[in-house]
Amino acid sequence: GCGGKGTWGGLMDTDDVHAIDPNDPNYTSSEEVTDLNCRNNLLQKCRDTERTSTKDMVAAFEEYKKKAIILVEEYFQNDDITSTANELRELGMSCYDFYFIKKLVSMAMDRHDKEKEMAAVLLSALYAEVIKPQQVYKGFSKLLESADDFIVDIPDAIDILALFIARAVVDDILPPAFLAKANSSLPKDSKGIEVIKRAEKSYLSAPLHAEIIERRWGGSKNKTVEDVKDKINNLLIEYVVSGEKNEACRCINDLNMRFFHHEIVKRAIIMAMEKQQAESRLLDLLKKTTEEGLINSSQLSKGFNRIIDNIDDLSLDIPNARMIFQSIISKGASEGWLCISSLKSLSTQLEKQEIDEKLVKEFKLKAQSMIKEYFLSGDIEEVSRILESENSSCLAELNAIFVKKLITLAMDRKNREKEMASVLLSSVCFPADDVVNGFVMLIEAADDTALDIPIVVEDLAMFLARAEVDEVLTPQHMEEIGSQFFEPNSIGNKVVLMAKSLLKGRLSGERILRCWGGGGSSTNGWAIEDVKDKIRKLLEEFESGGDAKEAYRCIKDLGMPFFHHEVVKKSLVIIIEKKSERLWGFLKECFSMGLITMYQMTKGFARVAESLDDLALDVPDAEKQFKVYVERAEAEGWLDSTFSFNRLGHNSMENGFC
């Protein structure tokens, strides 16, 4: 039989698992007791085996922990990456390597910049070869989970850990998607969430962030971009002569600049185009570095796309550049190390230029008509709608042309139109690079503009300063514009210097905001006092029990994101006067949803610090309370590094934006 009713049971059935039937004529009570004892003995054996296995695992992990700490200490003393890698391999417990990641970073966090840089370099060196990517991912996840504990002993733990994560992303040992996944898995009130936000907003979103992050702790401080380019050029020349792929790969790895590998790709391709006898050898190197993951796919595509962008210039020196380059792309694709879909179109570049020339002429006429109509109607939504229709592909060139045309037409009109132009510029949300290009075009044409507008330098400087106050541009963008006009007596240099001078003055943000009357077209001529009154009323209504969603909507409807520091200031005053935790929670939510930026939050705190003496007349312990709230804001990650509070000067803040 094989297990039916009235049969002998299944082939794999055992005697010790059958059920005792009290109704069986042969049943005795002692049989049930014996069966129960057998079952208990079997269960106890299983539990003992499980406990033994668990104890062994715990013991092994504890042993690994001790050895990991010793390894980290020794590495910080001798700075020997090879020795550390060998000893980590010898431990033979790769399943616990996530703990080594966690311990290395946490120990470095409490030390000097030298150790932090050493830790970052070691992580990059061990990645994939010694420590598996999954263990790196898990190690950083554990660090985020422990962020609440770190902050007890390390006050600036949030910023340091955020920088470690940003550095890991830049060094390609953590995928950018790590941030989003970690954000969704952590509790919303944990410090780990603040770490992720700091890494995204303060580091990875900044212009030239890779170079800044790379040098933050002193790494690559003796390397300039030109030095690295020279090293790349030399290693490629040596490789072409020797043909030693492994040595070339070692040199690339020793550069320790993964974010700059696109330059290797670009220079290798150009060298292959110039010296066709070396083409095969250079393409073999690209194939090897790509297949081994030394140069990742994004850096490879970026290098090829840079060639595509400059193919016409290259054709001046290499007559058959386009044809040779097309051949290289075909070879890379056929060998499987290059993905054509990730590249820009090469064959349509010439056609595109001809189309663009005609498109630009038409767009300039439409932009002029659009801007003149806007100066009459003040309808920002209509301008946005037409822009979306006329530039559906969001071409950067057309955005820059619109910026140039808008400011040029405004400069030849009254303050009302200048204010309207600034308001529109902050409302259309062009990419910052497009706005930068627009200002560069304006400055380049300033000599001609000066024939009609004698004060062109002053006007352009004010527009540029206003763009920074409105957070359309950042200080880094200002430097980028200035770097293109470095001659001391050039108009561009004068414009940038004057803009910087305007921004450095005391209460500069407030003065620049009011330079053309304030309010602009989006608020139908609201005066600053009217806006302040609206902010005060909406905050008082919320504090007395109003709806939070309605309060957020009212702030958005003001249409003045550059003035949100006033929301922060008035909220803090009410919080100090009434000790309102409800309003503090409101500020917290505004910051977390991005309604109030760190820049505006810092400005708001700075303005309260300025007015503490007046506030102390009504609230004697205002200064004491304010210090507490500053500490809480710093713990929340609201304030940037430019803000510091002290009694003598109340506060110090770069650029004078108070």
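Since the model is a prediction, treat every value here as computed from it, not as a measurement.

Conventions adopted
- Residues numbered from 1 in each chain as written.
- Predicted model: local features only at pLDDT ≥ 70, side-chain atom pairs only at ≥ 80, totals over all residues.
- Heavy atoms only, no water.
- Helix = DSSP H or I, 4+ residues; strand = E, 2+ residues; numbered from the N terminus.
- Buried < 20%, exposed > 50% of the residue type's maximum accessible area, 1.4 Å probe, protein only.
- Contact = heavy atoms within 4.5 Å.
- Areas by Shrake-Rupley, 256 points an atom, 1.4 Å probe, with all protein chains shown as cover.
- Salt bridge = Lys/Arg side-chain N within 4 Å of Asp/Glu carboxyl O.
- Phe/Tyr/Trp six-rings, centres within 6.5 Å; stacked < 30°, edge-to-face > 60°.
- Lys NZ or Arg CZ within 6 Å of the ring centre and 35° of its normal.
- Axes fitted to C-alpha atoms, helices over the stretch in contact; angles between N-to-C directions.
- Parallel < 35°, antiparallel > 145°, perpendicular 65-115°, else oblique.
- Left-handed = near helix turned anticlockwise from the far one by under 90°.
- Nonpolar A, V, L, I, M, F, W, Y, C, P; charged D, E, K, R; others polar.
- Expected span 1.5 Å × (residues − 1).
- Arc of directions from axis to C-beta.
- Core = buried A, V, L, I, M, F, W, Y, C linked by side-chain atoms within 4.5 Å.
- Patch = residues over 30% accessible without salt bridge, like charges linked within 9 Å, V, L, I, M, F, W, Y side chains within 5 Å.
- Lys, Arg positive; Asp, Glu negative; His and termini not counted.
- Charge placed at Lys NZ, Arg CZ, Asp CG, Glu CD.

Caption draft 1: Expanded view of the overall build of the protein. Scanning the protein from N- to C-terminus turns up 34 helices and two strands. Counting every position in the protein, which comprises 658 residues, the buried fraction comes to 47%. Across the protein, every contact between residues at least 6 apart in sequence was considered, and the portion connecting residues at least 24 apart equals 74%. In the structure as shown, the protein presents an accessible area of about 34100 Å², 51% of it carried by carbon and sulfur atoms.

Caption draft 2: The arrangement of the side chain of Lys 532 in detail. Structurally, the position occupied by Lys 532 is in helix H28 (residues 528-543). Ignoring any residue separated from it by four or fewer positions in sequence, one finds Lys 532 in contact with Glu 510, Arg 514, Phe 563, Glu 566, Lys 570 and Arg 607.

Caption draft 3: Examining the pattern of salt bridges more closely. Counted by the stated rule, this structure contains 28 salt bridges. For Lys 418, the salt bridge is made with Asp 459, and the minimal N-O distance between the two is 3.4 Å. Placement of Lys 418 in helix H21 (residues 415-427) and of Asp 459 in helix H24 (residues 456-469) is noted, with a sequence separation of 41 residues between them. Side by side, Lys 418 and Asp 459 carry an identical accessibility label, which is buried.

Caption draft 4: Inspection of the packing of aromatic side chains at higher detail. Within this structure, the stated rule accounts for 16 aromatic pairs. Note on Phe 164 and Trp 217: the rings are 4.6 Å apart at their centroids and 45° apart in plane angle, and the pair reads as tilted. Here Phe 164 is found in helix H7 (residues 157-170), whereas its partner Trp 217 is found in the loop between helix H10 (209-215) and helix H11 (225-242), with 53 residues between them in sequence. Each member of the pair, Phe 164 as well as Trp 217, carries the same accessibility label: buried. The rings of Phe 61, Tyr 64, Tyr 96, Phe 98 and Tyr 99 are connected pair by pair, giving a single aromatic cluster. In this arrangement the basic side chain of Lys 138 is found over the ring face of Phe 98, its NZ or CZ atom lying 4.2 Å from the centre. When the ring centre of Phe 542 is taken as reference, the NZ or CZ atom of Arg 582 above it lies at 4.1 Å.

Caption draft 5: Broad picture of the packing of H24 against helix H26 (residues 491-504). The contact between H24 and H26 brings their axes to 8 Å, and the two run at 50°. Classified by the interaxial angle, the pair formed by H24 and H26 is oblique. Relative to H26, H24 is oriented so that their crossing is right-handed. Residues Val 457, Glu 458, Leu 460, Ala 461, Met 462, Leu 464, Ala 465, Glu 468 and Val 469 of H24 form the contact with H26, whose participating residues are Ile 491, Lys 494, Val 495, Val 496, Met 498, Ala 499, Leu 502 and Leu 503.

Caption draft 6: Structural context of the environment of Glu 194. Turning to its location among the elements, Glu 194 is positioned in helix H9 (residues 191-204). Overall, the relative accessible area of 13% leaves Glu 194 in the buried class. It is 9.1 Å that separates the C-alpha atoms of Glu 194 and Ser 592, two residues lying 398 residues apart in sequence.

Caption draft 7: Structural context of the packing of helix H5 (residues 133-145) against H7. Between H5 and H7, the shortest axis-to-axis distance is 11 Å and the interhelical angle comes to 160°. In terms of orientation, H5 lies roughly antiparallel with respect to H7. The two elements H5 and H7 cross, and the hand of that crossing is left-handed. Contacts from Phe 140, Leu 143 and Leu 144 of H5 reach H7 at Leu 161, Phe 164, Ile 165 and Ala 168. Grouping the constituent residues of the contact of H5 with H7 by class yields seven nonpolar, no polar and no charged.

Caption draft 8: Up close: helix H31 (residues 581-592). The end-to-end C-alpha distance of H31 is 16 Å, a good match for the 16 Å that 12 residues give at a rise of 1.5 Å each. Within the sequence span of H31, burial applies to Leu 583, Trp 584, Phe 586, Leu 587, Cys 590 and Phe 591. Buried residues along H31 cover an arc of 155° about the axis, so they all sit on one side. Taken from the residues just after H31, Gly 594 is the one with a positive phi, measuring 80°.

Caption draft 9: Spotlight on unusual backbone geometry. A positive phi angle, close to 55°, is found at Asp 79, a residue other than glycine. Within the secondary structure, Asp 79 is located in the loop between helix H1 (29-78) and helix H2 (81-91).

Caption draft 10: Just the nonpolar core, in detail. Grouped together as the largest cluster of nonpolar side chains are 63 residues, with contacts concentrated most on Phe 100, Phe 140, Leu 161 and Ile 165. The biggest single contributor to this core is H7, with 12 residues. Core analysis: the second largest hydrophobic core is formed by 54 residues, Met 370, Val 383, Leu 387 and Met 411 among them.

Caption draft 11: View of a negative patch on the surface. Where like charges cluster on the molecular surface, the negative patch consists of Glu 74, Asp 79, Asp 80, Glu 87 and Glu 90. With respect to the element layout, Glu 74 can be found in helix H1.

Caption draft 12: Structural context of the environment of Leu 71. By secondary structure assignment, the location of Leu 71 is in helix H1. Once the C-alpha coordinates of Leu 71 and Leu 104 are considered, the two residues, 33 residues apart in sequence, prove to be 9.0 Å apart.

Caption draft 13: Up close: helix H17 (residues 321-335). The end-to-end C-alpha separation of H17 is 21 Å, in line with the 21 Å expected for 15 residues at 1.5 Å each. Packed against the buried residues of H17 are helix H13 (261-274), helix H14 (279-291), helix H15 (297-309) and helix H16 (311-317). One or two positions beyond H17, positive phi appears at Gly 336, with a value near 90°.

All quantities given are derived from atomic positions and should not be read as evidence of function.
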